[in-house]
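Read off the chains here:
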Amino acid sequence: MGRRAYYDKQMNGGRILGLGTPVGLSDKQAVDTNSTAVNVKWVGAKGDATTDDTAAIQYAIDNRDYIYIPKGVYLVSGLNLRSGVKVFGEGASSILKANTDTARVINVYSAGSVITDVQVCDLRINGGGQTTDKFTGIKRAYGVYISNAQNVKIERLIIEKCGVMHPTTVINDVNHGGYGILAESRNGEIRNVRISSCTITDIAGGGMQMGDGILINGFNSNTSIVPHNIVVENCHVERVGRHCYSVGGENPESLSRNVYMNNLYGKSASLCGIDFEEGIQCVLDGFKFENCGNYTYYYDMSSITEYGAQYHLSSGVAFGNLCEGTIIRNGFISGCNYGLTFGGASNVLYDTIRIENSTQSDMALRLARMGDNTILYNVKCMTTGKTVSPFYSSSDTSNILVDSCYFASQVNLPGIKYARFNNCVFNSTFNFTSVDNTKNEFVGCKFNQNVEFTISDGGFHTFDKCRFLGSKGMNFGTNGTYVDNVQVVLSEFRGNQYGIYSVWTSLKNMKVDNCKFIGNTVASIYHANSNNETPFLRISGNTFLGTVDGILINQAIKYAKISENTFRNVTGWCIANQNIFSGTSTTDFQILNNQAVSGCANGIQIQVATGSHDYNIISGNNMRICTGTKASISAGNSNGFQTQNFF
């Protein structure tokens, strides 16, 4: 007999296939001692939705390698698979239905030995729960349970209605909720498990422990016993009380490891599309999650004290603090409470993900901090009006990289060091909101609204080859909030009222080099009150085109150098230090080698009101083409010099 003869319902003339006198049949029927396949109806299973067929099907499993389950509804309390067995059906019309609480309809686990080389496919599994409503039916049913097993294939299963809800306390789900598929190392290592092309729906749970569609767990007291080489692919999970998919483990027990997931769909989860809590070196490649964290059939998460509307496990993708080396790529998240929620997971790559229509935010930090070496590449956060603020890390070695990403909503930087943003587009305001921000780098980014510095921070941020299009491109607009040593280089400020705007005690030692300021309608670089300090250490090599005032600094300034700048079509002053009042003095100020090229009205102004200016160097400037006042420099500067200028 060929090994795929189980597909033939009439094989061997309907004989018993060498099973002796099995359950439910008389001893008068013939026996074929050579076959390895069996139709469960030949050994007494009825499939009539009334008879308990557990014993008959288990008899077949214990005695033959290929178990064929024809059309019908077979009531079972749980089937224990052994090594080498293959269980097949005819798809949705071959139904195994749980008929007792805590049933593991398919159980690939034996406490005494490792189970190997098992295949289950083309069946429908009904957990017997939620018969008339979500509270009624079989409790704590598992569609498939796998532990202490190797080389297992679960393919083309339909699993539904596992578990019920606790009648009064939602989160008390451990004895009520269900699982679609649970594969874990809790009772022994699982290795080489493939779960493919399964559809799982209506899995009840209160979110604490039960209610997952597909769950891969570690949780062995021996931390070296972990899941290895687990594949979940081409699966569809919908309407669950916890997560559509989950990768689990927790210190001091073992974590999941080497789980590969591909082409997954999840919809209508009370909590997450997928929760990584916790997993090491896992991959999710190709996914779509919808309406996760907002699904309220089993319970309304926002109304439960233990959860609340901002619960971190209410997102398309969530991470814990212990994950490491995981890759998430090629995904779409829509209509979830959050898109991505971050924990301290390190060395995680998020690659090519689109997020839209989030309730709370497309991205949020809901645990302690963002992990070191997190990379976001080509992530598109499309939801408008929902602030994105996951970027917090207390680590001095965070090395967080955000590359080629798009943010439709406001982005807050609540405290991060040594992060790098490459080629990102920020369509709304970008806010520095913490004293802990320091030494972050922005390269090739486009800011369509203001970059706001609203609080003192560690400074030393660099902006390289960026474009600033907001009304105040960079806004240091809060008094008493010093930001130190910001450098802007090779960047463009276009169409703003102000390119760089600053107020009293908001800025120290800023450097602006080789930038373009184009079409600024009030001033390109502006300071409202420099307070006899050094808000700008250097403004050098920049081009000012079609602006009103080029550089306009009010009140006394010191130790600043303005050099090698070019001005075209400036209708106000090219360079002006105005309103130097009593008790202050502009000192050690260098204005060197600046040139008005064409179409400029006024050149250089130092205007003393009741203060003074001294020890300043004004040299090598060419303002001769200015059509108005070429230079207006108040008396004073007795210890400085003014030479070789063309005024």
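Residues numbered from 1 in each chain as written. Predicted model: local features only at pLDDT ≥ 70, side-chain atom pairs only at ≥ 80, totals over all residues. Heavy atoms only, no water.

How would you sum up the side chain of Asp-372? Please name residues and give values.
Inspection of the secondary structure puts Asp-372 in the loop between strand 28 (361-365) and strand 29 (375-381). For Asp-372, the side chain forms a polar contact with the side chain of Ser-395, separated by 3.2 Å. (Helix = DSSP H or I, 4+ residues; strand = E, 2+ residues; numbered from the N terminus. Polar contact = N/O pair within 3.5 Å; in protein donor to acceptor, adjacent residues only side chain to side chain.)

Which residues make up the pairing of strand 47 (residues 510-513), and what values go with them?
Residues Met-510 and Val-512 line one face of strand 47 and the alternating positions Lys-511 and Asp-513 line the opposite face, and both faces are buried. Of the strand pairs in this sheet, strand 43 (residues 487-489) and strand 47 are connected by three bridges, and their pairing is parallel. In the strand pairing of strand 47, Val-489 is matched with Asp-513. Inspection of the sheet shows strand 47 paired to strand 50 (residues 536-540) by four bridges, in the parallel sense. Each residue of the ladder has a partner; that of Lys-511, found in strand 50, is Arg-538. (Buried < 20%, exposed > 50% of the residue type's maximum accessible area, 1.4 Å probe, protein only. Pairing = 2+ DSSP bridges.)

Just give me the short version of the packing of aromatic side chains, but keep the residues and values in it.
For the coordinates displayed, the defined rule picks out 41 aromatic pairs. Ring geometry for Phe-430 and Phe-447: centres 5.8 Å apart, planes at 80 degrees, overall edge-to-face. With Phe-430 in strand 35 (residues 430-432) and Phe-447 in strand 37 (residues 446-447), this pair connects stretches of sequence that are 17 residues apart. A cation over a ring is seen here: Lys-439 above Phe-460, with NZ or CZ 5.9 Å from the ring centre. (Phe/Tyr/Trp six-rings, centres within 6.5 Å; stacked < 30°, edge-to-face > 60°. Lys NZ or Arg CZ within 6 Å of the ring centre and 35° of its normal.)

Lay out the sheet that holds strand 52 (residues 549-554) in plain terms, naming residues and giving numbers.
The strand order across the open sheet formed by 10 strands is 32-35-38-41-45-49-52-55-59-62, and the pairing between neighbours is parallel. In this open sheet, the two edge strands, each paired with only one partner strand, are strand 32 (411-413) and strand 62 (631-633). Averaged over all neighbouring strand pairs, the angle between strand axes comes to 10 degrees, with direction disregarded. When strand 41 (residues 472-476) meets strand 45 (residues 498-502), the two strands line up parallel, connected through four bridges. Residue Asn-475 lies in a different strand from strand 45, and its bridge partner there is Tyr-501. (Axes fitted to C-alpha atoms, helices over the stretch in contact; angles between N-to-C directions.)

Which residues make up the layout of surface pockets, and what values go with them?
Reported here for the largest pocket is a volume of approximately 580 Å³. In this structure, the largest pocket is lined by 31 residues; those nearest its centre are Met-208, Gln-209, Phe-219, Arg-242 and Glu-250. Of all the elements in the fold, those that place two or more residues in the lining of the largest pocket are strand 10 (142-146), strand 12 (179-184), strand 15 (214-217), strand 18 (245-248) and strand 21 (274-277). (1 Å grid on protein atoms, 1.4 Å probe; cavity = no way out; pocket = protein on both sides within 12 Å on 5 of 7 lines; lining within 4 Å. Points joined across faces, edges and corners; volume = space filled by probe spheres on them.)

Tell me what's going on with the sheet that holds strand 21, and back it up with residues and numbers.
The 10 strands lie next to each other as 5-8-10-12-15-18-21-24-26-28, forming an open sheet whose pairing is parallel. Two strands lie at the open edges of the sheet, namely strand 5 (78-80) and strand 28, each paired on one side alone. Recorded for the sheet is a direction-independent mean angle of 10 degrees between the axes of neighbouring strands. Here strand 26 (residues 338-342) runs beside strand 28; their pairing, made up of four bridges, is parallel. From the neighbouring strand, Leu-340 faces strand 28, where its bridge partner is Met-363.

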